[in-house]
Amino acid sequence: MASLQVKMKDLEKEIKARFVGNEEAIRVVLLNQLHRRSATLIRAPRGIGKSTLMLLVLKGLCGDDMVVISGASEVKRGEVVGRLHIPSLEREGVERVLWASFTKAKGKGLDEVNRLNPYTTANVHHMMQFGEVWAYGQKTAVGDYTLLANENPGDPSTFIHSPPFYDRFDVSVPLNSLTLGEKFRLQELLDRYEGSLVESMPQVLSFEELEEARREVLEIKLSPDLVGNINLIVRDFQVCVRDKEESEIKPPTLCEGCHFIRDVCSMVKEPPSERATVILSHLAKAAVWLNGECSLDDLLRMALWVFSHRIKLVRVRSLLGDLQELLNRERAKLEDRNARRQWTVLNELSKDFNPSFYRIAKEAAVEDAVFAEELMKLERDWIEGGRLKREETLSAQMDWKSTGAWRIRSK
Amino acid sequence: MGRLIYDREFMHDGNTVYNAVIYVRYMASETYKRFLESQAEKNPVKLDRRTMSWEEQDVRLPLGSPSSLLESLYLGREPEETVVVDRKSARLLQERLSGLETEVNQLHKRIRRMRVATWVLLGITAMLSLFIYLLLQGVPFWHLFR
């Protein structure tokens, strides 16, 4: 195993030596560090260890080159993070601007992100979106960094941040409270490190090494099957034959009488953004780089962390539990498509129109909205080529709209 | 990934170009094509006029998982510990069983009738044999019928 991979594994060991339980959360957080300008959101109730995990990862990757903005202290007092502290400059000649230090640091932490005021949130959002910050009326480009944030979703003193802001976080990782046995382990660890879990954390990788690892991950080529599965998982959560993205009426009202009422799409009120595909690809590449492989099960597990803050479900009892159930159904659907040879049929049809394959494809499309979309795209070309009549098409027979495939027609 | 091809078409009104229509045609990406090809390679099919068929590979069920009753009945396969029957198959079996029961009842009735007929025939044969014997012995037996 190459040295960078070994160092990433060492980092995981060092964190696990100081952070009890939540092993999957640690793995996901570390996997998400392996692409440029990574942003991770840790969600948990109070006192579970979200700030500790954030600081452990930041220290392990950036050492002292990290700055944490706390929504619970600095920003809560009503100060704007970008404001210059005039007395320090006048008396001591020292420029004290938290925001400036935050933007310069390689390791960036946002503690209690739900308490950040809208002005700070807007600045952080701009930085995450465009990789630049505004200070003293000047634009400054922010290089590569790693950003970790945490929040308590049940916190009553919460600012409601916009969905696009949360969408900028690559993954959202929940932490669970410790089991009985884990509580004993935590007490032992606190004794061993004399209560200084974060202070004792060494820097395992230099930021330059992390950047090198990120470059290597970027160069990884995913297999077409893996890319196909990533795109299918995301599309299955987005697709709607009644175009829910544009519709003013949302599920479940929109789904009344729909052919796909029992499908995954009917359970999703707000679908995940296209960024979900990009992040899943990053994570898959990181898994291949670090572990040598990324299976379908790995992908579905990653989708849980990528979707959980990007999606709104129709009925929520427990978001992660409900999402996991939908991902289990998704797994069955992916297998069902293979069993029905749908992609083989589509492959044949994409080469040339064949009435027999088309008939079989239409039968499959009635049960699968994503497949139907692809078939309807081909249908348009066949109609233009005079190989198919409009009234014979799936879209005409089922009265389905093909989403996202607009075109301006000439008269 | 996805490639968009823009074709501009200009509409002329005399010498003036007053509108431009842009056609946007989606071209499948190379990775998408490779995904479809890879899936087709893994799951090959045969198309015979109107039917599509393929060979199932490794259809042996894992130990402990349920197997189909019809497979064990009609294909002579060894059933697993648990056998699963879907409604359609169960109805098929019910019909088959009720048909067999009716057939068995009919056969029972036929056997009973045949048995009675056999005893009657045996009786007649025995009597005829006795009469012939007595006739051959010169014993006058017809006064018995008076």
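Residues numbered from 1 in each chain as written. Chains lettered and ligands numbered in written order. Predicted model: local features only at pLDDT ≥ 70, side-chain atom pairs only at ≥ 80, totals over all residues. Heavy atoms only, no water.

1. Some words on the overall build of chain B
When helices and strands are counted, chain B shows three helices and six strands. Going residue by residue from the N terminus, the α and β elements of chain B occur as β-β-α-β-β-β-α-β-α. In chain B, which comprises 146 residues, the proportion classed as buried is 14%. Here the contacts in chain B between residues at least 6 apart in sequence split such that 10% fall between residues at least 24 apart. (Helix = DSSP H or I, 4+ residues; strand = E, 2+ residues; numbered from the N terminus. Buried < 20%, exposed > 50% of the residue type's maximum accessible area, 1.4 Å probe, protein only. Contact = heavy atoms within 4.5 Å.)

2. Topic: the overall build of chain A
Across its full length, chain A holds 17 helices and nine strands. For the C-alpha atoms alone, the extent of chain A along its principal axes is close to 80 × 45 × 40 Å. Taken over 411 residues, chain A has a buried fraction of 51%. By sequence separation, contacts in chain A at least 24 residues apart represent 75% of the contacts at least 6 residues apart. Split by element, the accessible area of chain A, about 19,500 Å² in all, is 50% carbon and sulfur. In chain A, which carries 60 positive and 62 negative side-chain charges, the distance between the mean positions of the two groups comes to 3 Å. (Areas by Shrake-Rupley, 256 points an atom, 1.4 Å probe, with all protein chains shown as cover. Lys, Arg positive; Asp, Glu negative; His and termini not counted. Charge placed at Lys NZ, Arg CZ, Asp CG, Glu CD.)

3. What about the layout of surface pockets?
Residue and element names in this part refer to chain A. One number sums up the size of the second largest pocket: a volume of about 720 Å³. Taken together, 28 residues make up the lining of the second largest pocket; nearest its centre are Arg-43, Tyr-166, Ser-308, His-309 and Ile-311. Where the lining of the second largest pocket is concerned, the elements lending two or more residues are helix H7 (163–167), strand E7 (171–174) and helix H13 (319–339). Residue composition of the lining of the second largest pocket, grouped by class: 12 nonpolar, 10 polar and six charged. (1 Å grid on protein atoms, 1.4 Å probe; cavity = no way out; pocket = protein on both sides within 12 Å on 5 of 7 lines; lining within 4 Å. Points joined across faces, edges and corners; volume = space filled by probe spheres on them. Nonpolar A, V, L, I, M, F, W, Y, C, P; charged D, E, K, R; others polar.)

4. Notes on H13 of chain A
All names here are of chain A. A rise of 1.5 Å per residue sets the reference length of H13, with its 21 residues, at 30 Å; its end C-alpha atoms lie 30 Å apart and thus fit the reference within 8%. Asp-322, Leu-323, Leu-326, Leu-327, Glu-330, Lys-333, Leu-334 and Arg-337 are the residues of H13 that are buried. Seen end-on, H13 carries its buried residues on one side only, within an arc spanning 135 degrees. In this structure, the buried residues of H13 make contact with helix H10 (224–238), helix H12 (296–307), strand E9 (312–313), helix H14 (342–351) and helix H16 (369–384). Looking one or two residues beyond H13, the residue adopting positive phi is Arg-341, at roughly 60 degrees. (Expected span 1.5 Å × (residues − 1). Arc of directions from axis to C-beta.)

5. Thoughts on the environment of Leu-116 of chain A
All names here are of chain A. Looking at the element boundaries, Leu-116 is found in the loop between strand E3 (107–111) and helix H6 (118–130). A residue is classified by how much of its surface remains accessible, and Leu-116, at 0% relative accessible area, is buried. Counting along the chain gives 43 residues from Leu-116 to Phe-159, while the straight-line C-alpha distance between them is 6.9 Å.

6. Some words on the confidence of the model for chain A
Keep in mind that low pLDDT regions are not for reading the predicted coordinates in detail. The predicted model of chain A averages 88 in pLDDT, with 90% of residues at 70 or higher. Confidence drops under a pLDDT of 50 for residues 76–80 of chain A, and excluding neighbours within four residues, the segment shows four contacts in the predicted structure. (pLDDT = per-residue confidence, 0-100.)

7. Re the nonpolar core
Residue and element names in this part refer to chain A. Within the largest apolar cluster, 101 residues are counted, with the highest numbers of intra-cluster contacts made by Ile-15 and Phe-307. Apart from the residues within four sequence positions on either side, Ile-15 is in contact with Ile-26, Leu-30, Leu-53, Leu-56, Val-57 and Met-201. If you look at the next biggest cluster of nonpolar residues, it comprises 21 residues, including Val-67, Leu-116, Met-127 and Phe-169. (Core = buried A, V, L, I, M, F, W, Y, C linked by side-chain atoms within 4.5 Å.)

8. Brief notes about the environment of Thr-118 of chain B
Tracing the backbone through its elements, the reader meets Thr-118 of chain B in helix H3 (residues 87–137). Spatially, the C-alpha atom of Thr-118 of chain B lies 15 Å from that of His-108 of chain B, the residues being 10 residues apart in sequence.

9. Points about empty space enclosed by the protein
Residue and element names in this part refer to chain A. Summed over all chains, the structure comprises one cavity of 30 Å³ or more. When its volume is computed, the largest cavity comes out at roughly 70 Å³. Taken together, Cys-240, Val-241, Arg-242, Lys-244, Leu-254, Cys-255, Cys-258, Phe-260, Cys-265 and Ser-266 make up the lining of the largest cavity. Taken together, the residues that form the lining of the largest cavity break down as seven nonpolar, one polar and two charged.

10. A few points about H16 of chain A
Residue pairs three or four apart in sequence face the same way in an α-helix, which turns once every 3.6 residues. All names here are of chain A. The end-to-end C-alpha distance of H16, which contains 16 residues, comes to 23 Å, matching closely the 22 Å that a straight helix rising 1.5 Å per residue would cover. Burial within H16 is extensive, with 13 of its 16 residues counted as buried. Of the residues that open H16, the one with a side-chain oxygen 3.2 Å from the backbone nitrogen of Val-370 is Asp-368. Note on H16: the residue one or two positions beyond its end, Gly-386, has a positive phi of about 75 degrees. (Polar contact = N/O pair within 3.5 Å; in protein donor to acceptor, adjacent residues only side chain to side chain.)

11. Here we look at unusual backbone geometry
Residues and elements named next belong to chain A. Residue Pro-252 follows Pro-251 across a cis peptide bond; omega there is 10 degrees. Note that Pro-252 resides in the loop between H10 and strand E8 (268–270). Here the phi dihedral of Glu-112 falls at roughly 55 degrees; this positive angle occurs in a residue that is not glycine. Topologically, Glu-112 is positioned in the loop between E3 and H6. Residue classification places Glu-112 among the buried residues on the basis of a relative accessible area of 15%. Residues other than glycine seldom take positive phi values, yet Glu-194 does so here, at roughly 50 degrees. For Glu-194, the position within the fold is in the loop between helix H8 (180–192) and helix H9 (207–219).

12. Concerning the sheet that holds strand E6 (residues 146–151) of chain A
Residue and element names in this part refer to chain A. In space, the five strands of this open sheet follow the order E2-E3-E6-E1-E7, with parallel pairing throughout. Only two strands of the sheet have a single neighbouring strand rather than two, namely strand E2 (66–70) and E7. Adjacent strand axes in the sheet meet at a mean angle of 20 degrees, parallel and antiparallel pairs treated alike. Direction of pairing for E3 relative to E6: parallel, over a ladder of four bridges. Bridge pairing links Lys-108 to Leu-147 in E6. (Pairing = 2+ DSSP bridges. Axes fitted to C-alpha atoms, helices over the stretch in contact; angles between N-to-C directions.)

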